[in-house]
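# Descriptive analysis of the structure
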Amino acid sequence: MNRMRIGDLTERAGVTQRTVRYYESIGLLPSGEREGNGHHYYTEETVARLRKIDQLKKVGLSLEEIRDVIELYFTDTSGVLPKRKVLGILRQHLDDTDQKLEALGQFRSDLQSHIERFEQWLEANDSD
């Protein structure tokens, strides 16, 4: 198994050491194997996990959501289960977005009504 230290890992995965440590602390990545000299060593799977995390962030998943699905990508060789789970999350994001857009549309409509009411009042009462 090809092992690497954190500097090599971060270079290959395009992330910072701080990101790796943070992901380890929140359970997105397993901690690297520690040897007697105190150095942590990582494997190709860690590189793959970091790349998958980046892909999932780009489609709109939060780190918490990624934590809920990341392991599936490395245990389900068919890829069906993780994609189904991500699809469910994305559908929920779409529903949430639609609700927010509806609320924003109502807010815009309310603002427009207030503006018109103020303009009408000023036209009727402005002596300039």
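Being a predicted model, the structure only gives us computed values, none of them experimental. (Residues numbered from 1 in each chain as written. Predicted model: local features only at pLDDT ≥ 70, side-chain atom pairs only at ≥ 80, totals over all residues. Heavy atoms only, no water.)

### Side note on the overall build of the protein chain
Assigned secondary structure in the protein chain consists of five helices and two strands. Since a compact globule built from 128 residues should have a radius of gyration of about 14 Å, the 25 Å found for the protein chain marks it as more spread out than a globular shape. A principal-axis box enclosing the C-alpha atoms of the protein chain has dimensions of 85 × 35 × 20 Å. For the protein chain, the proportion of its 128 residues judged to be buried stands at 26%. Long-range pairs, those at least 24 residues apart, make up 49% of the contacts in the protein chain with a sequence separation of at least 6. (Helix = DSSP H or I, 4+ residues; strand = E, 2+ residues; numbered from the N terminus. Rg over C-alpha atoms; globule rule 2.2 N^0.38 Å. Buried < 20%, exposed > 50% of the residue type's maximum accessible area, 1.4 Å probe, protein only. Contact = heavy atoms within 4.5 Å.)

### A word on the domain arrangement of the protein chain
Quoted interface sizes are often the accessible area lost when the parts come together. Once the domains are mapped, the protein chain shows domain 1 (1–76) and domain 2 (82–128). Look at where the C-alpha atoms of domain 1 and domain 2 centre, and you get two points 39 Å apart. Buried area between domain 1 and domain 2, summed over both chains or domains, comes out near 760 Å², and the portion from carbon and sulfur atoms is 74%. The interface formed by domain 1 and domain 2 includes zero salt bridges. Our count for the domain 1 to domain 2 interface comes out at two residue pairs in polar contact (both at pLDDT 80 or more). (Domains from an automatic or database assignment. Buried area = accessible area lost by both parts, 1.4 Å probe. Salt bridge = Lys/Arg side-chain N within 4 Å of Asp/Glu carboxyl O. Polar contact = N/O pair within 3.5 Å; in protein donor to acceptor, adjacent residues only side chain to side chain.)

### Re helix H2 (residues 17–25)
Looking at H2, one finds that the buried residues are Val 20, Tyr 23 and Glu 24. One face of H2 carries all of its buried residues, which in axial projection span an arc of 100°. With respect to the buried face of H2, the exposed residues turned more than 90 degrees away are Arg 18 and Ser 25. Backbone geometry just after H2 places Gly 27 at a positive phi near 90°. (Arc of directions from axis to C-beta.)

### Concerning the environment of Gly 60
Here Gly 60 is to be found in the loop between helix H3 (44–58) and helix H4 (63–75). The spatial distance from the C-alpha of Gly 60 to the C-alpha of Met 4 is 30 Å, given a sequence separation of 56 residues. Here Gly 60 is in contact with Glu 65 and His 93, once residues within four sequence places are set aside.

### So, the packing of helix H1 (residues 6–13) against H2
The geometry of H1 relative to H2 is characterised by a closest axis approach of 9 Å and an angle of 100° between their N-to-C directions. Overall, the two elements H1 and H2 adopt an arrangement that is roughly perpendicular. For the pair formed by H1 and H2, the contact residues are Ile 6, Gly 7, Leu 9 and Thr 10 on the first element and Gln 17, Val 20 and Arg 21 on the second. (Axes fitted to C-alpha atoms, helices over the stretch in contact; angles between N-to-C directions. Parallel < 35°, antiparallel > 145°, perpendicular 65-115°, else oblique.)

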